[in-house]
Amino acid sequence: MEDQQYRGSYIAGFELFEKSLNGESASPLHAVRREAIARFASVGFPTVRHEEWRFTNVAPIARTAFAPVLRYDGAGVTRQVLNRVGSADGDPFMVVFVNGFWSEEFSRSAGLPAGVRIESLASALARRDEVVLSRLGSLVAAGENGFTALNTAFLREGAVITVEDRVILERPIQVVFLSRPSAEPHASYPRVLVTAGRESRLSLIETYASVSEGVYFDDAVTEVVLGEGAVVEHDRLQIESTQAFHIATMAVRQERGSNFSSNAVSLGGAIARNTVTAVLAGEGCECTLNGLTLAAGTQLIDNHTVIDHAAPHCTSHELYKSILDGKSRGVFNGKIFVRAGAQKTDAKQTNKTILLSADATINTKPQLEIFADDVKCTHGATVGQLNEEQLFYLRARGIGEEEARDMLTFAFAADVVSRIHAAPFRDQLDRLLRARLQAGRIATES
Amino acid sequence: MLTVRNLHAGIDGNEILRGIDLEVNAGEVHAIMGPNGSGKSTLAGVLAGRPEYQVSAGEVTYEGKNLLDLAPEERAREGLFLAFQYPVEIPGVSNTYFLKAALNAIRKHRGEEELDAMEFLALMKKKMGLVEMDQDLLNRPVNEGFSGGEKKRNEIFQMAVLDPKLAVLDETDSGLDIDALRIVAAGVNKLRRPENAVILVTHYQRLLNYIIPDFVHVLIDGRIAKSGGKELALALEERGYDWIKEQGLPVGA
C-alpha cells in the first residue's frame, strides 16, 4: 500500500474499534487514544531514514492491511498449543490472551498470595483505576514512534500485574499472547503493566506465540516499574509465526537498589523488533539484559537495547547472542548512557553471533555515551562460524558431522538458556531449541 | 591392522609427509619419534582425518578398508582413536553428554544397543578410577578450564571409555609431570591387548620407560628414516637425531 493508504486503513480500523467500545469513548482515556491515532496519522511507521530503524525496513508491515480484533474468540486454542509454545501445565500462574483478548478459559490465578494482583487491563480501565491510568504510558510515550502510537490508540486489553511492597511471590507469573491467524490478517496490541513494590519480588514470563503459521501483526508494549529494592526476574519467549510481524517495546524503570534481569529468546517473526529500555534511576541498581536470537529463511530479528545509567553505583550486564542461518538478518544495537554524576557505573556489554550460512548477516553496533569520569564500561562484539577445531574434535570421537554442528550450536545458545530464571520454562525452552537445531541447520518450526 | 604405503600429504600446498610406509599389526605398540617439524603430528592428523590436510599420493588401509575414504567420525566408529596433542575446550557441552553421544554413535555403528543414562554412568565410574579422574571434571564442559595434565588425562579417559582398536597418541606425554605421565601410561597399557594396537607419537623417550614399544620409527623430513626396536629410542635419547640425518635418507623418495 502507498504511504497514505496504509495510514488510512489504520484510521478506518480505529473507527471500527471506537464503535465497539460501547460508550466508553467518553472516558478520559479515550482522548489519549484519539491523540495517539492522530499522532500515528501524522508520523506513520518509521523508515530506514530514521537512525533507530536503519537496518530494519518495516515497509512490509505497511504493505498489508491489518484489521483490529474486536472480540474474544478462543477457537483453536488448546492446552497442547500452549504446551508447544513452552507453557507447561503446572507451576506458573498463567494469563492467556488470544488475538489480544483475555481468555478466561485458559487463564488461572487461583492461589495467588495476598498482595499480588493479576488483572485484565480492560477491567482495570472499566473501573477507571486511577493508579493504572496514571502508570499506563508513564514509561513508553505514545508519541515515541508509529508503533507505540498505534498500541496506545488501540489500547483496550492487556495484563496488569501488581506486587505490593515487601511481598515475595515464589512462583512465576506467565503471560501468554497467542495469535490465531486467519485469512484476513489481524493486528493485536498487547499491553503489559507491571508494578513491583518496594522490596518485593516477582518472576515474570512473557510469551508471544501463534496457534499456526500465518500473517498477522503483534504490536506490544510492556512497562515495568521496580520500587526500591525490588527484584524482578523476567523471561521472554517470542515464537511467533515466521510470516508474522512482531514489534515490541519494553521499558523498565528501576528505583534505588532494585534488580531487574531479563532473558529474551527470539525465534519467530518475518520481522521482529524488540526495543528494550531500562532506566537505572536510583543508586545501587543492577540490570541484566540477555538475549538469544535464532533465525533462518528470510527472517529479520532486531534487538535494540538502551541501558540508561542515571544514578551512581549501578551495575549493568548485557549478553546478546544470535545464531543466524539461511538468508536471515540480525540487528543488535546496544546503547549505554552514563549520565553526568552516575559515578562508579559498571557496565558490560557483549554481543556474539554465529553465522551458519554464507548468506546470513548481522549488523551490530555498540553505542556508549559516557558523561561521567569514574566509570567502568566495556563492550565487545564477535561474529564468526562454528569452530572447526571443536567440530573436528567431536567428529574424531565418532559423532556425526551434523550432530556435532547441532551440539556446538546448542552449546552457544545454552549460555543464555541456562540463565533463564523459571526452571520449568528453562527446561521447555531447552527442548524447544534442541528441536529447532536439525542436522546443522535451524528449522523455523519445531 | 594398518598399512600405510608411500603416503604423501600436506597443508595449503606444502608437502609435509613425503612417502611414509608403515605396517602396524594387532597386538603391537609403535613409537614414532622425530625432531620438531618432521611430520609426526601431520601423520597422526592424516590418520584421524583432519580436514585441513590433503593427501596427494599413497594409500592407507585399515582393517581391510581404505581409511582415506572415511570421514573422521566413520574412522572413530571403526575403532580408530586420536588422543589430541592439544585437546580442544568446548564450552557449553558437558563431558558426560559428549562422551555418551560418542560412545552411542560407536555402539550403534557396531550394531550394539545404545547405553542408557544409568548404564553409561556405571561405565564412567569404572573407567574413572583408571585415570584418576574427578567426578567434578566429568560434569564440567569438555576440557573447559582443565589444566594441561587434566586435558591429557581426559583424552586417556575417553580412550578407556571408547575402547578403540587402534589408538594414535599425539604427544600425549608432552608437558606432563611424572605422576600424570604414569597415569597416562597405565591407561595405555590397559588398552594393550592382542587384538589392539597403539601408535605413540612422541618427542621424548621418557614415555617409553612406561610404555615399552615393540617398534620405534624415526621420522625425519616427512619420511621414516630409521626403524628399530625399543633400543633405538635409547640411542636417540643419547645421541639425538643428527646421526640419523647423516646416514642419509632413502634415495628416490
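The structure presented is a predicted model; accordingly, all values stated were derived computationally and were not measured. (Residues numbered from 1 in each chain as written. Chains lettered and ligands numbered in written order. Predicted model: local features only at pLDDT ≥ 70, side-chain atom pairs only at ≥ 80, totals over all residues. Heavy atoms only, no water.)

## Let's talk about the layout of surface pockets
Where empty space is left in the structure can be found by rolling a water-sized probe over the atoms.
Residue and element names in this part refer to chain A.
Phase 1: Its boundaries defined by the atoms lining it, the largest pocket holds a volume of some 350 Å³.
Phase 2: Lining the largest pocket are 21 residues, with Glu144, Thr249, Thr275, Thr277 and Val306 positioned closest to its centre.
Phase 3: Taken together, the elements giving at least two residues each to the lining of the largest pocket come down to strand S12 (245-254), strand S14 (271-280), strand S16 (300-309) and strand S18 (329-338).
Phase 4: With five residues, the single largest contributor to the lining of the largest pocket is S12. (1 Å grid on protein atoms, 1.4 Å probe; cavity = no way out; pocket = protein on both sides within 12 Å on 5 of 7 lines; lining within 4 Å. Points joined across faces, edges and corners; volume = space filled by probe spheres on them. Helix = DSSP H or I, 4+ residues; strand = E, 2+ residues; numbered from the N terminus.)

## A look at the domain arrangement of chain A
Residue and element names in this part refer to chain A.
Phase 1: Split into domains, chain A comes out as domain 1 (73-385) and domain 2 (386-446).
Phase 2: Each of domain 1 and domain 2 has a C-alpha centre, and the two are 24 Å apart.
Phase 3: Across the boundary between the two partners, domain 1 contributes 39 residues, which contact 25 residues of domain 2.
Phase 4: Taking both partners together, domain 1 and domain 2 bury about 2,800 Å²; carbon and sulfur atoms supply 71% of that area.
Phase 5: Among the residues domain 1 hides against domain 2, the three largest losses belong to Leu294, Lys321 and Leu356. Together they make up 17% of the total.
Phase 6: The interface formed by domain 1 and domain 2 includes two salt bridges.
Phase 7: Its salt-bridge partner being Arg441, residue Asp325 comes within 2.5 Å of it at the nearest N-O pair. (Domains from an automatic or database assignment. Contact = heavy atoms within 4.5 Å. Buried area = accessible area lost by both parts, 1.4 Å probe. Salt bridge = Lys/Arg side-chain N within 4 Å of Asp/Glu carboxyl O.)

## Description of the packing of aromatic side chains
Residue and element names in this part refer to chain A.
Phase 1: One pass over the structure, following the stated rule, counts 22 aromatic pairs over all chains.
Phase 2: Pairing Phe45 with Phe217 gives two aromatic rings, centres 6.3 Å apart and planes at 80 degrees, and the pair type is edge-to-face. Placement of the pair is Phe45 in the loop between helix H2 (28-43) and helix H3 (59-63) and Phe217 in strand S10 (residues 217-226), with a sequence separation of 172 residues. There is no split in this pair, since Phe45 and Phe217 are both buried.
Phase 3: Cation over ring: Arg273 sits above Trp53, and NZ or CZ is 3.8 Å from the ring centre. (Phe/Tyr/Trp six-rings, centres within 6.5 Å; stacked < 30°, edge-to-face > 60°. Buried < 20%, exposed > 50% of the residue type's maximum accessible area, 1.4 Å probe, protein only. Lys NZ or Arg CZ within 6 Å of the ring centre and 35° of its normal.)

## Remarks on unusual backbone geometry
Residue and element names in this part refer to chain A.
Phase 1: We note that Glu199 has phi near 55 degrees; this positive angle belongs to a residue other than glycine.
Phase 2: On the secondary structure map, Glu199 appears in the loop between strand S8 (191-196) and strand S9 (201-210).
Phase 3: When its relative accessible area of 37% is taken as the criterion, Glu199 is described as partly exposed.

## Notes on helix H8 (residues 230-239) of chain B
Residue and element names in this part refer to chain B.
Phase 1: All of the buried residues along H8 are Leu232, Ala233 and Leu236. Buried residues along H8 cover an arc of 105 degrees about the axis, so they all sit on one side. Among the exposed residues of H8, those oriented more than 90 degrees off its buried face are Glu231, Glu237, Glu238 and Arg239.
Phase 2: Elements that come into contact with the buried residues of H8 comprise strand S3 (29-33), strand S11 (215-220), strand S12 (223-228) and helix H9 (242-247). (Arc of directions from axis to C-beta.)

## Focus: the nonpolar core
Phase 1: Judged by nonpolar contacts, the single largest core of 134 residues is most densely connected at Leu2, Leu166 and Ile199 of chain B.
Phase 2: For this core, the element with the highest residue contribution is helix H9 (residues 401-417) of chain A, accounting for ten residues.
Phase 3: When we break this core down by domain, the ones giving at least three residues each are domain 1 (73-385) and domain 2 (386-446) of chain A.
Phase 4: Setting aside its immediate chain neighbours within four residues, Leu166 of chain B contacts Met1, Leu2, Val24, Tyr62, Gly79, Leu80, Phe81, Ala197, Val198 and Ile199 of chain B.
Phase 5: Judged by nonpolar contacts, the second largest core, of 40 residues, contains Trp102, Ala159, Ile307 and Cys314 of chain A. (Core = buried A, V, L, I, M, F, W, Y, C linked by side-chain atoms within 4.5 Å.)

## Observations concerning the interface of chain A and chain B
Phase 1: Each partner contributes to the interface: chain A provides 17 residues, whereas chain B provides 32 residues.
Phase 2: Buried area between chain A and chain B, both sides added, is near 2,000 Å², and the carbon and sulfur share of it is 64%.
Phase 3: When the buried area of chain A at its contact with chain B is split by residue, Phe392, Tyr393 and Arg397 of chain A rank highest and sum to 39% of it.
Phase 4: For the interface between chain A and chain B, the tally reads three salt bridges.
Phase 5: Here Glu155 of chain B makes a salt bridge to Arg397 of chain A, at a shortest N to O gap of 2.7 Å.
Phase 6: Remark: the boundary between chain A and chain B carries twelve residue pairs in polar contact (both at pLDDT 80 or more).
Phase 7: Of all the secondary-structure elements, those providing two or more residues to the side of chain A that touches chain B are helix H8 (388-395) and H9 of chain A.
Phase 8: The greatest single-element share of the side of chain A that touches chain B, amounting to six residues, is contributed by H8 of chain A. (Polar contact = N/O pair within 3.5 Å; in protein donor to acceptor, adjacent residues only side chain to side chain.)

## Topic: the pattern of salt bridges
Residue and element names in this part refer to chain A.
Phase 1: Within the structure shown, the criterion is met by 39 salt bridges over all chains.
Phase 2: Linking Arg54 and Glu51 is a salt bridge whose minimum nitrogen-to-oxygen distance equals 3.6 Å.
Phase 3: Between Glu401 and Arg395 there is a salt bridge, and its shortest N-O distance comes to 3.8 Å.
Phase 4: Owing to a relative accessible area of 30%, Glu401 belongs among the partly exposed residues under this scheme.

## Structural notes on the sheet that holds strand S21 (residues 376-384) of chain A
All names here are of chain A.
Phase 1: Overall, mixed pairing links the ten strands, which are arranged S3-S2-S6-S9-S11-S13-S15-S17-S19-S21 in an open sheet. Bordering the open sheet on either side are strand S3 (101-102) and S21, each of which pairs with just one other strand.
Phase 2: Note that strand S17 (residues 315-324) and strand S19 (residues 346-355) share ten bridges and pair parallel. Bridge assignment links Tyr320 to a residue of S19, and that residue is Asn351.
Phase 3: Its contacts with the sheet place H9 against strand S13 (259-266), strand S15 (286-295), S17 and S19, and it is angled at close to 150 degrees to S17.
Phase 4: Packed onto the sheet, helix H10 (residues 423-436) meets strand S6 (173-179), S9, strand S11 (231-239), S13 and S15 and runs at close to 25 degrees relative to S11. (Pairing = 2+ DSSP bridges. Axes fitted to C-alpha atoms, helices over the stretch in contact; angles between N-to-C directions.)

## Considering the side chain of Ser200 of chain A
Residues and elements named next belong to chain A.
Phase 1: The residue Ser200 is located in the loop between S8 and S9 in this model.
Phase 2: You can call Ser200 buried: its relative accessible area is 1%.
Phase 3: When near neighbours in sequence (up to four residues on either side) are disregarded, Ser200 contacts Val163, Glu164, Arg166, Val167, Gly229, Ala230 and Val231.

## Some details on the sheet that holds strand S1 (residues 2-11) of chain B
Phase 1: Pairing is antiparallel across the open sheet formed by four strands, whose spatial order is S2-S1-S4-S5 (chain B). Since the sheet does not close on itself, it has two edges, and those belong to strand S2 (14-24) and strand S5 (65-66) of chain B, each with one partner.

## Considerations on the environment of Thr444 of chain A
All names here are of chain A.
Phase 1: Along the polypeptide, Thr444 turns up in the segment after strand S23 (441-442).
Phase 2: A relative accessible area of 28% places Thr444 in the partly exposed class.
Phase 3: Separated by 147 residues in the primary sequence, Thr444 and Gly297 have C-alpha atoms spaced 7.5 Å apart.
Phase 4: Setting aside residues no more than four positions away along its own chain, Thr444 makes contact with Thr242, Ala296, Gln299 and Arg436.

## Some thoughts on a negative patch on the surface
All names here are of chain B.
Phase 1: Judged by side-chain charge, Glu113, Glu114, Asp116 and Glu119 come together as a negatively charged surface patch.
Phase 2: Position of Glu114 relative to the elements: it lies in the loop between helix H3 (95-109) and helix H4 (117-131).
Phase 3: Given a relative accessible area of 44%, Glu114 falls into the partly exposed group. (Patch = residues over 30% accessible without salt bridge, like charges linked within 9 Å, V, L, I, M, F, W, Y side chains within 5 Å. Areas by Shrake-Rupley, 256 points an atom, 1.4 Å probe, with all protein chains shown as cover. Lys, Arg positive; Asp, Glu negative; His and termini not counted. Charge placed at Lys NZ, Arg CZ, Asp CG, Glu CD.)

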